[in-house]
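# Coordinates in review
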Amino acid sequence: GEVLPEDRASLAVVGTRRASAYGKEATSRIVADMVRSNVTIVSGLARGIDTMAHRTALDQGGRTIAVLASGLDIIYPSDNAGLAREIVKRGALVSEHPLGVKPEAAFFPRRNRIMSGLSLGVLLVEAGEQSGAHITVRHALDQNRDVFAVPGSIFSPGSRGAHRWIQEGAKLVTRAEDVLEELNLAVLGQQMELKAVVPATPVEHQILKLLSHEPAHIDSMARQTGLPVAEVSSALAMMELKGMVRQVGGMNFVTA
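Small disclaimer: the values here were computed from a predicted structure and weren't measured.

## Some words on the overall build of the chain
- The helix and strand tally for the chain stands at ten helices and ten strands.
- Rg of the C-alpha trace for the chain: 19 Å, near the compact-globule value of 18 Å for 256 residues, within the 12% margin.
- The C-alpha extent of the chain, read off along each of the three principal axes, is 60 × 40 × 35 Å.
- Counting every position in the chain, which comprises 256 residues, the buried fraction comes to 47%.
- Total accessible area on the chain is roughly 12,500 Å²; 52% of this is exposed by carbon and sulfur atoms.

## Let's talk about the side chain of T225
- Topologically, T225 is positioned in helix α9 (residues 218–225).
- Here the side chain of T225 touches A222 through a polar contact of 3.4 Å, landing on its backbone oxygen.
- A polar side-chain atom of T225 sits 3.3 Å from the main-chain amide nitrogen of L227.
- Discounting residues that sit within four places of it in the chain, T225 has contacts with Q206, L210 and V232.

## Considering the sheet that holds strand β9 (residues 245–247)
- With antiparallel pairing, the three strands of this open sheet are ordered in space as β8-β10-β9. Each edge of the open sheet is held by one strand with a lone partner, namely β8 (216–217) and β9.
- As paired elements, β8 and strand β10 (residues 252–255) share two bridges and run antiparallel to each other. Following the sheet pairing, A216 is matched in β10 by F253.

## Quick word on unusual backbone geometry
- Here the amide bond leading from Y76 into P77 is cis, since omega sits at 0°, within 30 degrees of zero.
- Inspection of the secondary structure puts P77 in the loop between β3 (64–67) and α3 (81–89).
- Non-glycine residue L45 carries a positive phi angle of around 65°.
- One non-glycine residue, N144, lies in the positive phi region at around 60°.

## Structural notes on the side chain of H134
- By secondary structure assignment, the location of H134 is in helix α5 (residues 133–142).
- With a relative accessible area of 1%, H134 lands in the buried category.
- A polar contact of 2.6 Å, which involves the side chain of H134, links it to the backbone oxygen of G128.
- What H134 contacts, discounting residues up to four positions off in sequence, is L124, A127, G128, E129, G161, R164 and W165.

## Points about the packing of helix α8 (residues 202–210) against helix α10 (residues 229–241)
- Close contact between α8 and α10 brings their axes to 10 Å; oriented N to C, the two are set at 85°. Taken together, the axes of α8 and α10 are roughly perpendicular relative to one another. On the side of α8, the interface is formed by V203, E204, I207 and L208, while α10 contributes E231, V232, A235, L236, M238 and M239.
- For the contact of α8 with α10, the per-class residue count stands at eight nonpolar, no polar and two charged.

## So, the pattern of salt bridges
- Summed over the entire model, instances satisfying the criterion amount to twelve salt bridges.
- Among the salt bridges present, the one from D33 reaches R36, with a minimum N-O distance of 2.4 Å. Of this pair, D33 and R36 both sit in helix α1 (residues 21–36), separated by three residues, roughly a single helical turn.
- Overall, the relative accessible area of 19% leaves D33 in the buried class.
- The closest approach of N and O atoms between R175 and E181, which form a salt bridge, is 3.8 Å.
- In this structure R175 comes out as partly exposed when scored by relative accessible area, which is 41%.

## Some words on the packing of aromatic side chains
- Here the structure, examined in full by the defined rule, presents one aromatic pair.
- Between the NZ or CZ atom of R17 and the centre of the ring of F108, over which it lies, the distance is 5.8 Å.
- Across from the ring centre of W165, 5.2 Å away, lies the NZ or CZ of R164, which sits over that ring.

## Quick look at the packing of α8 against α9
- Relative orientation of the contacting elements α8 and α9 amounts to 115°, with a least axis distance of 10 Å. Pair α8 / α9 crosses with right-handed handedness. On the side of α8, the interface is formed by Q206, I207 and L210, while α9 contributes M221, Q224 and T225.
- Tallied by class, residues from the contact of α8 with α9 come to three nonpolar, three polar and no charged.

## Remarks on the confidence of the model for the chain
- Per-residue confidence for the chain gives a mean pLDDT of 89; residues scoring 70 or more make up 95%.
- Within the model, pLDDT remains below 50 along residues 187–196, and this stretch shows 15 contacts once partners closer than five positions in the same chain are excluded.

## Here's the deal with the pairing of strand β4 (residues 91–94)
- One ladder, built from four bridges, connects β3 with β4; its direction is parallel. Across the sheet, the residue bridging to I65 is A92, located in β4.

Criteria and thresholds
- Residues numbered from 1 in each chain as written.
- Predicted model: local features only at pLDDT ≥ 70, side-chain atom pairs only at ≥ 80, totals over all residues.
- Heavy atoms only, no water.
- Helix = DSSP H or I, 4+ residues; strand = E, 2+ residues; numbered from the N terminus.
- Rg over C-alpha atoms; globule rule 2.2 N^0.38 Å.
- Buried < 20%, exposed > 50% of the residue type's maximum accessible area, 1.4 Å probe, protein only.
- Areas by Shrake-Rupley, 256 points an atom, 1.4 Å probe, with all protein chains shown as cover.
- Polar contact = N/O pair within 3.5 Å; in protein donor to acceptor, adjacent residues only side chain to side chain.
- Contact = heavy atoms within 4.5 Å.
- Pairing = 2+ DSSP bridges.
- Axes fitted to C-alpha atoms, helices over the stretch in contact; angles between N-to-C directions.
- Parallel < 35°, antiparallel > 145°, perpendicular 65-115°, else oblique.
- Nonpolar A, V, L, I, M, F, W, Y, C, P; charged D, E, K, R; others polar.
- Salt bridge = Lys/Arg side-chain N within 4 Å of Asp/Glu carboxyl O.
- Phe/Tyr/Trp six-rings, centres within 6.5 Å; stacked < 30°, edge-to-face > 60°.
- Lys NZ or Arg CZ within 6 Å of the ring centre and 35° of its normal.
- Left-handed = near helix turned anticlockwise from the far one by under 90°.
- pLDDT = per-residue confidence, 0-100.

The structure is reproduced here in structure tokens:
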């Protein structure tokens, strides 16, 4: 691929490989808005948060850089080979290893210093207490980079790592603007657009009142509205086509 001068305005996004629906949704929303401000997204091509960060950046027409723990000709995990090919067209794959080098456990912590070094700051979205993402955060601190973290549920083991870093001084992030303001990054490209979501029917109105950025299951919506599941499902399908809601897996929905 290619690293361009505008990639100096970049943010590393890291987190757990076992991302929850909440973690994926938080990554998607924040990365999408960062990309709309012409910020390049850097991550490690791993499953979970990394994959969501790269995928969202590409889907939004932005740039993204993946730092590998192997030679550039060996994509790990292999199921991200297609994603890697897309990244080459709108960013770059980066590695310190020669071609033919297979990934080893010791390579992953070392490559994390490159991810933070390429970026103005590091955003930790979701991580348990033993997550490898903490290594990237420590490298960022050693390199005098800003550290940001997305809070989660106090009951979620997958958010304990992020909460610990917030306690130790990482900036709490709930929206892209929190990062942009801290890094003094002006909106370089198109302005973020606010969608006007107008329900067309009473059923859509009832459903929309129940939805937020937190995933809600279709069965729960049916119970709360007193409507048959089939009617709720039909309304959600229409709302998804209109861009009002998004399904985030397992029949869970959020506002778009």
